[in-house]
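Structural characterization, general
Below, each chain spelled out in residue letters.
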Amino acid sequence: MEQEITLNAHNKQEFPPAHTTRFDTSLIKRAFCVVLLLLYMGTLCAQDRMTPAKFEQGREEKLYSIFDIAEADGFAYLVDPAFSPDYCLAYDRESKSLILKQLKPRVRYCRRLRFSQRHIRADVWKLSISDSLADSLKRMFAAVVLTSSWLSEQWGLDGVNYYFLINPGFSSKIASCWSPDENSNCRQAVDVVERLCEAVRKNDREGAESLVGSISSVTNLFRNYYPADFQERIH
């Protein structure tokens, strides 16, 4: 009897087998680590590059029309906050000026903008700038937009959406970021254009021209993502 019990103990099988259980646990751990790594890489990319975008039918398309973005030369910058008026900075080549338009506060809360555009009111500021500043801005906007990546896509409810456009109009290319992290490449790009908007509001040409160095620095941050054989074309 004692011998029989011993044999039965040797013949006893685990369910599931021990080696299978260990394998499945290891596989799950590896998959979990891979997911964490991808999320981490996506977060890094989200901090350093913008996301390709396009204006579908809806709010963004109406803002595009309201601000006459298609009439801009070379580049434009559109800001769509959650709880304050939208505004847009664009370049006019004929007058060699930056034009900043900001909707009146009451427009902000009509989220769908269903009313006639003739009832929409906006404040407008205009500042003439040098050709060198205009060219620096074109290069920066090109670097920001052309290096955008879907890996950097972010979502959020309340916050601010920033849109950078080059070649506004039929062939426009757009990149965006949503409330970028402090010290990220995207935040630096937003900050330098925000300082430019403030200079336009104050009619401060000297302040605007002093930003050339910062604009060049931001341009170089994004140019690091160009392929080795890439040749940038500025129109």
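This is a predicted model, so every value here is computed, not measured. (Residues numbered from 1 in each chain as written. Predicted model: local features only at pLDDT ≥ 70, side-chain atom pairs only at ≥ 80, totals over all residues. Heavy atoms only, no water.)

1. So, helix α5 (residues 131–146)
Using the following cut-off: Comment: elements are numbered from the N terminus, with helices defined as DSSP H or I runs of at least four residues and strands as E runs of at least two. Here the expected span of a helix is defined as 1.5 Å times the quantity of residues minus one. Classification of residues uses two cut-offs on accessible area relative to the type maximum, computed with a 1.4 Å probe and protein chains only: under 20% is buried, over 50% is exposed, and between them is partly exposed.
In a regular helix each residue adds 1.5 Å, so 16 residues correspond to 22 Å; α5 covers 22 Å between its end C-alpha atoms and thus fits that length. Every buried residue of α5 is accounted for by Leu-133, Ala-134, Ser-136, Leu-137, Lys-138, Met-140, Phe-141, Ala-142, Ala-143, Val-144 and Val-145.

2. A few points about the packing of aromatic side chains
Heads up, the condition is: In this analysis, rings of Phe, Tyr and Trp, with Trp reduced to its six-membered ring, are considered paired at centre separations within 6.5 Å, and the interplanar angle assigns stacked below 30 degrees, edge-to-face beyond 60, and tilted for intermediate values.
Overall, the coordinates contain eight aromatic pairs when judged by the stated rule. For the pair Phe-75 and Tyr-91, a centre-to-centre distance of 5.7 Å together with 10 degrees between the ring planes defines the contact as stacked. Linking Phe-75 in strand β2 (residues 75–81) with Tyr-91 in strand β3 (residues 87–92), this pair joins segments that are 16 residues apart in sequence. No difference in accessibility class separates Phe-75 from Tyr-91, as the two residues are buried. Pairing Phe-75 with Phe-141 gives two aromatic rings, centres 4.8 Å apart and planes at 35 degrees, and the pair type is tilted. Here the residue Phe-75 occupies a position in strand β2, and Phe-141 occupies one in helix α5, the gap between them amounting to 66 residues. For the pair Phe-75 and Phe-141, a shared accessibility class is recorded, and that class is buried.

3. Quick notes on the packing of α5 against helix α8 (residues 212–223)
Cut-off, in case you're wondering: All axes are obtained by fitting lines to C-alpha atoms, using only the stretch in contact for helices, and the reported angles, taken between N-to-C directions, cover 0 to 180 degrees. Each angle gets one of four labels, with under 35 degrees taken as roughly parallel, over 145 as roughly antiparallel, 65 to 115 as roughly perpendicular, and the rest as oblique. Each crossing is labelled by how the near helix is turned from the far one, with a counterclockwise turn of less than a right angle marking it left-handed and a clockwise turn marking it right-handed. Should any heavy atoms of two residues lie within 4.5 Å, those residues are counted as being in contact.
Between α5 and α8, the shortest axis-to-axis distance is 8 Å and the interhelical angle comes to 25 degrees. In terms of axis orientation, α5 runs roughly parallel to α8. At the point where α5 passes α8, the crossing takes the left-handed sense. Residues Leu-133, Ser-136, Leu-137, Arg-139, Met-140, Ala-143 and Val-144 of α5 pack against Val-212, Ile-215, Val-218, Thr-219, Phe-222 and Arg-223 of α8.

4. Here we look at the pattern of salt bridges
Our working rule: Just to be clear on terms, a salt bridge is a Lys or Arg side-chain nitrogen sitting within 4 Å of an Asp or Glu carboxyl oxygen.
With the rule as written, the count across this model stands at eight salt bridges. Asp-73 serves as the salt-bridge partner of Arg-93, at 3.7 Å between the closest nitrogen and oxygen. With Arg-93 in the loop between β3 and β4 (97–103) and Asp-73 in the loop between α3 (59–66) and β2, this pair connects stretches of sequence that are 20 residues apart. Classification of Arg-93 by relative accessible area gives exposed; the value is 51%. For Asp-73, a relative accessible area of 17% corresponds to the buried category. Arg-187 is the partner of Asp-191 in a salt bridge, and the nearest nitrogen-oxygen pair spans 3.5 Å. Of this pair, Asp-191 and Arg-187 both sit in helix α6 (residues 185–201), four residues apart, which is roughly one turn of the helix. Exposure remark for Asp-191: the relative accessible area of 33% places this residue in the partly exposed category. Through salt bridges with shared partners, a single ionic network connects Glu-198, Arg-201 and Lys-202.

5. Focus on the pairing of strand β7 (residues 173–178)
Definition in use: For two strands to count as paired, DSSP must find a minimum of two bridges between them.
Relative to β7, strand β1 (residues 51–53) runs antiparallel, the two sharing three bridges. Opposite Ala-53, over in β7, you have Ile-174 as the bridge partner. Sheet topology places strand β6 (residues 160–166) next to β7; six bridges connect them, and they run antiparallel. For Tyr-162, the partnering residue across the bridge sits in β7 and is Cys-177. Hairpin geometry of β6 and β7 is characterised by an intervening segment of six residues between the two adjacent antiparallel strands and by a positive phi of about 50 degrees at Asn-167.

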